[in-house]
Amino acid sequence: MYSEAESSLIALCLKGDRQAQYTLYKRYSDAMFNVCHRMLGNEAEAEDVLQESFIDVFRRLDSFRAESSLGAWIKRIVINHCLNVFKKRRIKFEVISESAGNIPAEENEDHEEVVFEVRKVKEGIMKLPDGYRQVLTLYLIEGYDHAEIADILGIQETGSKSQFSRAKAKLRDILKA
Amino acid sequence: MKRQDSLEDFIRENRASFDDLKAPDRVWARINKQDRPVQSLWKWTAIAASALLLIAVGYIFGIRTQAQPEIAGWDEYKEAEQYYQDRIARKMEKIKTLPVGQEVLTDIQVLDEVYEQLRKQLLEDPNADTELLLSAMIRHQQQKLDIMEKILNRVDKYQSNESSNHEM
């Protein structure tokens, strides 16, 4: 998980070695840019947050402990920066409860063979409201579980679960349309 | 057992395909601009030292005290110069074997040029204030030695860090 090569790359970055920092940036920047884009929903802000996040990564690299992979550690920093943007916009993360109590039951899910296309699903995800999109992508694409998402977003685990169900139903609607 | 969900499965299975955007190159350019490395400190030290000497040279040119055909203290100076040149040469050999950037060597070269200017003035300008020039030249060499020492220390520290990492 934490290779010797990676540890010497980190040591070089800590020394302020530009080349090493660039190597590290190159290794993770595309993936992190996509994370930013999914969280924020637009490329301009994603760029700004990517920039801030990596400056932060280089500053805080000395506090990185090999408890997690470097990629996972960077991803958490990136996500926190994304959430800061929402805080700045003064939009609190809210569990959307428009259809509270009306969480789609498993039975409602389609049984028919549906052929999805990555491009269309991606477009659909980008059409979701921020609160839906974040939970859905954190869970399905970034690979966090509901307990972790609850921690990241500062909500209840049950909130994450129900928000995810609604987000998925909403996405299904968008894709059918 | 958990029921299969085709949409969920589809997204999970194609996770990698959702990472289709490339980070624009200008982002790195902006990071590079903002986040200055600690490493450039020595460079500023070198620049500051050179600037100081250039000011000193200007000052000396400005004074132009009375003629002084023979240089007092020249022999003593030659001794001091020899001493510093030897130490500087040894340090330079050491620095050249290390993985330092070309810019380090270029900056040291700039310092050399400043020194040559001082020396030239001392020997060629009949109106030069030799006492001032000689002390500036000594000071210059001390500073240069100091800067080289700092470079070596930094590289040493970094290398010992690296070797301890390899032992892990």
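First things first, this report covers the structure right here in the doc. A quick note: this is a predicted structure, and the numbers were derived from the prediction, not measured. (Residues numbered from 1 in each chain as written. Chains lettered and ligands numbered in written order. Predicted model: local features only at pLDDT ≥ 70, side-chain atom pairs only at ≥ 80, totals over all residues. Heavy atoms only, no water.)

### A closer look at the overall build of chain A
To keep it simple, the criterion reads: In DSSP terms, a helix is any run of H or I states spanning at least four residues, a strand is any run of E spanning at least two, and both are numbered starting from the N terminus. Categorising residues by exposure relies on relative accessible area from a 1.4 Å probe, with only protein chains included: less than 20% of the type maximum marks a residue as buried, more than 50% marks it as exposed, and the intermediate range marks it as partly exposed. The accessible surface values rely on the Shrake-Rupley method and a 1.4 Å probe; as for residues, cover is taken only from the protein chains in view.
Each helix and strand counted, chain A has 8 helices and 0 strands in total. When each of the 177 residues of chain A is scored for burial, the buried share is 51%. Here chain A displays about 8,600 Å² of accessible surface, and carbon together with sulfur accounts for 48% of that area.

### Looking at the packing of helix H8 (residues 157-176) of chain A against helix H1 (residues 6-13) of chain B
Defined as follows: Only the contacting stretch of a helix is used when fitting its axis, a line to C-alpha atoms as for every element, and angles between N-to-C directions run 0 to 180 degrees. Here the word oblique covers every angle except those under 35 degrees (roughly parallel), over 145 (roughly antiparallel) and from 65 to 115 (roughly perpendicular). Pairs of residues are marked as contacts when any of their non-hydrogen atoms sit within 4.5 Å.
Where H8 of chain A meets H1 of chain B, the closest approach of the two axes is 11 Å, and the angle between their N-to-C directions is 90°. In terms of their interaxial angle, H8 of chain A and H1 of chain B are classed as roughly perpendicular. Across the interface between the two elements, Phe 164, Lys 168, Leu 171, Arg 172 and Leu 175 of chain A of H8 of chain A pack against Ser 6, Leu 7, Glu 8 and Ile 11 of chain B of H1 of chain B.

### Some remarks on the packing of aromatic side chains
Where we set the bar: Between 30 and 60 degrees the pair is tilted, below 30 it is stacked and above 60 it is edge-to-face, where a pair is any two Phe, Tyr or Trp rings, Trp via its six-membered ring, whose centres lie within 6.5 Å. Here, a charge over a ring is recorded when the distance from Lys NZ or Arg CZ to the ring centre is within 6 Å and its angle to the ring normal is within 35 degrees.
Tallied over the entire structure, the rule returns 9 aromatic pairs over all chains. Ring geometry for Phe 58 of chain A versus Trp 28 of chain B: centroids 6.4 Å apart, planes at 85°, classification edge-to-face. Of the two residues, Phe 58 of chain A sits in helix H3 (residues 43-60) while Trp 28 of chain B sits in helix H2 (residues 25-34), which places them in two different chains. Accessibility assignment for this pair places Phe 58 of chain A and Trp 28 of chain B in one class, buried. By the ring-pair criterion, three or more aromatic residues cluster together here, those being Tyr 22, Tyr 25, Phe 54 and Phe 58 of chain A together with Trp 28 of chain B. Between Arg 12 of chain B and the ring centre of Tyr 139 of chain A, over which it is positioned, the NZ or CZ distance is 5.0 Å.

### Things to note about the interface of chain B and chain A
As a reminder of what qualifies: Buried area, as used here, totals the accessible surface that two parts lose on assembly, with accessibility defined by a 1.4 Å probe and the loss added over both. Whenever Lys or Arg places a side-chain nitrogen within 4 Å of a carboxyl oxygen from Asp or Glu, that contact is recorded as a salt bridge. Here a polar contact is taken to be a pair of N or O atoms separated by no more than 3.5 Å, where protein atoms must pair a possible hydrogen donor with a possible acceptor and residues adjacent in sequence count only if both atoms sit in side chains.
Contacts between chain B and chain A engage 35 residues on the former and 48 residues on the latter. At the boundary of chain B with chain A, total buried surface from both sides reaches about 4,100 Å², with 57% on carbon and sulfur atoms. Of all residues in chain B, Leu 7, Leu 21 and Trp 28 of chain B bury the most surface against chain A, accounting for 17% of the area lost on that side. Counting every contact that joins chain B to chain A gives 9 salt bridges. Its salt-bridge partner being Glu 8 of chain B, residue Lys 168 of chain A comes within 2.5 Å of it at the nearest N-O pair. Taken together, the links from chain B to chain A amount to 17 residue pairs in polar contact (both at pLDDT 80 or more). Elements with a minimum of two residues in the side of chain B that touches chain A: H1, H2 and helix H6 (130-167) of chain B.

### A look at the packing of helix H4 (residues 74-97) of chain B against helix H5 (residues 102-124) of chain B
Residues and elements named next belong to chain B. Short version of the rule: Put simply, a crossing is left-handed when the front helix is turned counterclockwise from the back one by less than a right angle, and right-handed when it is turned clockwise. Just so you know the grouping, Ala, Val, Leu, Ile, Met, Phe, Trp, Tyr, Cys and Pro go in nonpolar, Asp, Glu, Lys and Arg go in charged, and all remaining residues, Gly too, go in polar.
Their axes nearest at 13 Å, the elements H4 and H5 cross at an angle of 165°. The angle between H4 and H5 places the two elements in the roughly antiparallel class. Relative to H5, the crossing made by H4 is left-handed. Contacts between H4 and H5 pair Trp 74, Tyr 77, Lys 78, Glu 81, Gln 85, Met 92, Ile 95 and Lys 96 from the former with Leu 105, Ile 108, Tyr 115, Arg 119, Leu 122 and Leu 123 from the latter. Taken together, the residues of the contact of H4 with H5 break down into 9 nonpolar, 1 polar and 4 charged.

That's the geometry; what it means functionally is another story.
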